[in-house]
Amino acid sequence: MPFLAPSFARLPPLAYLLADQVEPRKKIARHLGVSFRTPQRYQASGNAPRAVYLTLWFESRWGMAALHTQAYNEAQHARAWVAALERECERLRGVIRAYENAQAHPAANAPAYHLV
């Protein structure tokens, strides 16, 4: 599975990531494993460690959209693969039917092969 996390240049600004969170700031700080004031300091400076950016990104609408898109694409791929396998099974069933029909009408020299 490819990396879903964006490069640092493609991350939204920290203010957008913090504003996109629906949880209270205290819960966000606890989730990040920092004090309540630390996210406030990050927001005031406009900068945070990359791990914080990525955590907030995956919890934001952008991260959720990327995860949903990846899941949807994988489901579409699996569905296409199953359809291809079903077509192959149907083709092989046709081959089996052809062999079974050939056994019902043996060749004129079939008794000679059974003697050997």
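Residues numbered from 1 in each chain as written. Predicted model: local features only at pLDDT ≥ 70, side-chain atom pairs only at ≥ 80, totals over all residues. Heavy atoms only, no water.

Two elements in contact, helix α2 (residues 25-32) and helix α4 (residues 50-59), have axes whose closest approach is 11 Å; the angle formed by their N-to-C orientations is 125°. As judged from the angle between their axes, α2 and α4 are oblique. As for the relative orientation of α2 and α4, their crossing is right-handed in sense. Contacts between α2 and α4 pair Ile 28, His 31 and Leu 32 from the former with Val 52, Thr 55, Leu 56 and Glu 59 from the latter. (Axes fitted to C-alpha atoms, helices over the stretch in contact; angles between N-to-C directions. Helix = DSSP H or I, 4+ residues; strand = E, 2+ residues; numbered from the N terminus. Parallel < 35°, antiparallel > 145°, perpendicular 65-115°, else oblique. Left-handed = near helix turned anticlockwise from the far one by under 90°. Contact = heavy atoms within 4.5 Å.)

Attention now goes to the packing of α4 against helix α5 (residues 61-104). Contact geometry of α4 with α5 gives a least axis separation of 4 Å together with a crossing angle of 65°. Judged by the angle between their axes, α4 and α5 are roughly perpendicular. Contacts from Trp 57, Phe 58 and Glu 59 in α4 reach Arg 61, Trp 62, Gly 63, Met 64, Ala 66 and Leu 67 in α5. Tallied by class, the residues present in the contact of α4 with α5 amount to six nonpolar, one polar and two charged. (Nonpolar A, V, L, I, M, F, W, Y, C, P; charged D, E, K, R; others polar.)

Taken over all residues, the pLDDT of the chain has a mean of 87, while the share at 70 or more is 89%. At the low end of the mean pLDDT range in the chain sits helix α6 (residues 110-115), at 56; at the high end sits helix α3 (residues 37-45), at 93. (pLDDT = per-residue confidence, 0-100.)

Take the packing of aromatic side chains next. All told, the structure shown has one aromatic pair when counted by the stated rule. Ring geometry for Trp 57 versus Phe 58: centroids 4.8 Å apart, planes at 75°, classification edge-to-face. According to the relative accessible area criterion, Trp 57 is buried, its value standing at 7%. By relative accessible area, Phe 58 is classed as partly exposed at 27%. Directly above the aromatic system of Trp 62 lies the positively charged group of Arg 61, at a separation of 5.4 Å from the ring centroid. (Phe/Tyr/Trp six-rings, centres within 6.5 Å; stacked < 30°, edge-to-face > 60°. Buried < 20%, exposed > 50% of the residue type's maximum accessible area, 1.4 Å probe, protein only. Lys NZ or Arg CZ within 6 Å of the ring centre and 35° of its normal.)

Time to look at the layout of surface pockets. Empty space within the largest pocket amounts to approximately 180 Å³. Asp 20, Gln 21, Val 22, Glu 23, Lys 27, Ile 28, His 31, Leu 32, Thr 55, Leu 56 and Glu 59 are the residues that line the largest pocket. Every element with two or more residues in the lining of the largest pocket is listed here: α2 and α4. Considered class by class, the residues forming the lining of the largest pocket number four nonpolar, three polar and four charged. (1 Å grid on protein atoms, 1.4 Å probe; cavity = no way out; pocket = protein on both sides within 12 Å on 5 of 7 lines; lining within 4 Å. Points joined across faces, edges and corners; volume = space filled by probe spheres on them.)

On to the nonpolar core. Counting residues in hydrophobic clusters, the biggest one holds 13 residues, and the most contacted among them are Leu 14, Ala 48, Val 52, Tyr 53 and Leu 56. If you list the elements that add at least two residues to this core, you get α1 (14-20), α2 and α4. (Core = buried A, V, L, I, M, F, W, Y, C linked by side-chain atoms within 4.5 Å.)

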